[in-house]
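The chain contents come next:
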Amino acid sequence: MKDYIEKIPKAELHIHIEGTLEPELAFHFAKRNNVKLRYNSVEELRSAYNFKNLQEFLDLYHEVSKVLVKEEDFYDFTWAYLEKLHEQNVRHVELFYDSQSHTDRGVSFETVTNGIYKALQDGKEKLGISSYLILCFLRHLSEEEAIKTLDKAIEHKEKILGIGLASSELGHPPSKFERAFDKAREEGFRIVAHAGEEGPLEYIWEAINLLKVERIDHGNRAMEDPELLVHLAKSKTPLTLCPVSNLELCVIEKLEDHPVKKMLDMGIMATIHSDDPAYFKGSLNDNYVRTAEALELDEKDIYKLAKNSLEASFLPEGEKRNLLDELKSFE
Ligand code: ADE
Ligand code: ZN
């Protein structure tokens, strides 16, 4: 099974670039930029990767992100991640980034966006990985700040395909950002949002009805509402699920409890992704392998998950078709 997972072409659609920053690289940047971390060594930092909930993780994730200061830092760590994707036969990536986490501490929007974007362009040229950038509003901040961020994204529209919604979910419903997303849609951005990870299932309905999302990131809590499950299946709205992340953030108690297999069997366009692999000890292929073991998935299920990942991507039809044709030889 591991062999099969490794060789099939796949797309990664739920990945936060800040969540790919490995401790070794974080210390390298800390030294290069003279930034002091609260931890004295790679081992000490890694041992703090033990979370009871989403907020505990986010606190550390934003803290470690402070080592990223210059454009070359954003380039270098994006490049390091692309090399990992290449090893896993990931052919297309749609990458989230949290510009507000950096602009709020004085790093310019251009430094962040250009560094990441240049690495993605090189990834296409040198590794053959196609990619899109999706800017996520931080939902613990205000809608006014989200709109200011959107205005910057509009200035750099040629580099940014979509707008998403991430960070602390509880108490920050999609409805808080309705006007910001109205404007993002008017400007032609593709729309996604995290919903129903820790937050209630109503947030999934809000993301669909108010933000008019094209994909839901996570969406585990949909399992509580039969009507929503039917709607997701009928509308073919993809759910980008992250099993290892769910385990590490205590959204589920054990991988055996993950809903992905049930969702597939209900005809929902479920996909599997890694979320923040540096923090959760789980690459994209690890997510596939561990989920397959826990839920006794067979090659047909894995094939379906990889196919869904390509179909749920924002790639133009022609490019999607090429990857799907390549996948077909593994059916
Ligand atoms: N930002 C990075 N990882 C996240 C997650 N799992 N949920 C919400 N926001 C995030
Ligand atoms: Zn996420």
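Here's a quick rundown of the structure. (Residues numbered from 1 in each chain as written. Chains lettered and ligands numbered in written order. Predicted model: local features only at pLDDT ≥ 70, side-chain atom pairs only at ≥ 80, totals over all residues. Heavy atoms only, no water.)

## Remarks on the site of ligand 1
- Surrounding ligand 1, one finds H16, L54, F57, L58, Y61, A166, S167, H194, E197, H218, D275 and D276.
- Contact distances for ligand 1 include 2.8 Å between a nitrogen atom and a backbone N or O atom of S167.
- At four residues, the largest contribution of residues to the shell around ligand 1 is made by helix α4 (residues 54–65).
- Along the lines of polarity and charge, the residues of the shell around ligand 1 split into five nonpolar, four polar and three charged. (Near = heavy atom within 4 Å. Polar contact = N/O pair within 3.5 Å; in protein donor to acceptor, adjacent residues only side chain to side chain. Helix = DSSP H or I, 4+ residues; strand = E, 2+ residues; numbered from the N terminus. Nonpolar A, V, L, I, M, F, W, Y, C, P; charged D, E, K, R; others polar.)

## Quick notes on the coordination of the zinc ion (ligand 2)
- Around the zinc ion (ligand 2), the protein contributes the donor atoms H14 (NE2), H16 (NE2), H194 (NE2) and D275 (OD), which lie 2.1 to 2.2 Å from the metal centre.
- Coordination at the zinc ion (ligand 2) is irregular: its four donor atoms span angles of 81 to 173 degrees at the metal.
- Here the donor residues for the zinc ion (ligand 2) map to a single chain with the spacing H-x1-H-x177-H-x80-D. Exposure class is identical for H14 and H16. Each is buried. (Donors = N, O, S within 2.8 Å, 3.2 Å for Na, K, Ca; no water. Tetrahedral: all angles 85-135°; square planar, octahedral: opposite > 155°, others 65-115°. Buried < 20%, exposed > 50% of the residue type's maximum accessible area, 1.4 Å probe, protein only.)

## A few points about the packing of aromatic side chains
- Tallied over the entire structure, the rule returns ten aromatic pairs.
- Taken together, a centroid distance of 6.2 Å and an interplanar angle of 65 degrees make the contact between F74 and F77 edge-to-face. Residue F74 and its partner F77 are located together in helix α5 (residues 71–87), separated by three residues, close to a single helical turn. (Phe/Tyr/Trp six-rings, centres within 6.5 Å; stacked < 30°, edge-to-face > 60°.)

## A look at unusual backbone geometry
- In this structure, K212 is a non-glycine residue whose phi angle is positive, near 60 degrees.
- Residue class for K212 comes out partly exposed when judged on its relative accessible area of 45%.
- Positive phi values are uncommon outside glycine, yet D275 reaches one of about 65 degrees.
- Structurally, the position occupied by D275 is in the loop between β8 (270–272) and α14 (277–280).

## A word on the pattern of salt bridges
- Enumeration over the complete set of coordinates arrives at 31 salt bridges.
- A salt bridge links D301 to K261, with the shortest nitrogen-to-oxygen separation between them at 3.1 Å. Linking D301 in helix α16 (residues 299–311) with K261 in helix α13 (residues 260–265), this pair joins segments that are 40 residues apart in sequence.
- In this structure D301 comes out as buried when scored by relative accessible area, which is 9%.
- Classification of K261 as partly exposed rests on a relative accessible area of 24%.
- Residue E311 is joined to K307 by a salt bridge in which the shortest nitrogen-to-oxygen separation is 3.7 Å. In this pair, E311 and K307 are both assigned in helix α16, four residues apart and thus about one turn of the helix distant.
- In this structure K307 comes out as partly exposed when scored by relative accessible area, which is 26%. (Salt bridge = Lys/Arg side-chain N within 4 Å of Asp/Glu carboxyl O.)

## Structural notes on the pairing of strand β5 (residues 190–195)
- With five of six residues buried, β5 lies mostly within the body of the structure.
- One ladder, built from two bridges, connects strand β4 (residues 162–166) with β5; its direction is parallel. In the strand pairing of β5, G162 is matched with R190.
- Crossover connection from β4 via helix α9 (residues 178–186) to parallel β5: handedness right-handed.
- The pairing of β5 with strand β6 (residues 215–218) spans four bridges and is parallel. Following the sheet pairing, H194 is matched in β6 by D217. (Pairing = 2+ DSSP bridges. Right-handed = clockwise from strand over helix to strand, strands pointing away.)

## Re the state of the cysteines
- With the rule as written, the count across this model stands at zero disulfides.
- Note on C250: no disulfide assigned, nearest cysteine sulfur contributed by C242 at a separation of 15 Å. (Disulfide = S-S within 2.5 Å.)

## Considerations on the pairing of strand β2 (residues 90–97)
- Burial of β2 is extensive: seven of the eight residues sit out of reach of the surface.
- Where strand β1 (residues 10–16) meets β2, five bridges bridge the pair, whose relative direction is parallel. The residue bridging A11 from the neighbouring strand is H92, located in β2.
- Pairing of β2 with strand β3 (residues 130–138), which is carried by six bridges, proceeds in the parallel orientation. Directly across from Y97, in β3, lies its bridge partner L135.

## Here's the deal with the nonpolar core
- Counting 103 residues, the largest nonpolar core has I163 and Y279 as its most contacted members.
- If near-sequence neighbours (up to four positions away) are discounted, I163 is found in contact with I134, L135, F137, L150, A153, F181, A184, F189, R190, I191 and V192.
- Membership of the second largest hydrophobic core comes to six residues, among which are F96, I134, A166 and F314. (Core = buried A, V, L, I, M, F, W, Y, C linked by side-chain atoms within 4.5 Å. Contact = heavy atoms within 4.5 Å.)

## Brief notes about the packing of α16 against helix α17 (residues 317–328)
- Where α16 meets α17, the closest approach of the two axes is 9 Å, and the angle between their N-to-C directions is 170 degrees. Viewed along their axes, α16 and α17 adopt a mutual orientation that is roughly antiparallel. Together, Y303, A306, K307, L310 and E311 of α16 and K320, L323, L324, L327 and K328 of α17 make up the contact between the two elements.
- Taken together, the residues of the contact of α16 with α17 break down into six nonpolar, no polar and four charged. (Axes fitted to C-alpha atoms, helices over the stretch in contact; angles between N-to-C directions. Parallel < 35°, antiparallel > 145°, perpendicular 65-115°, else oblique.)

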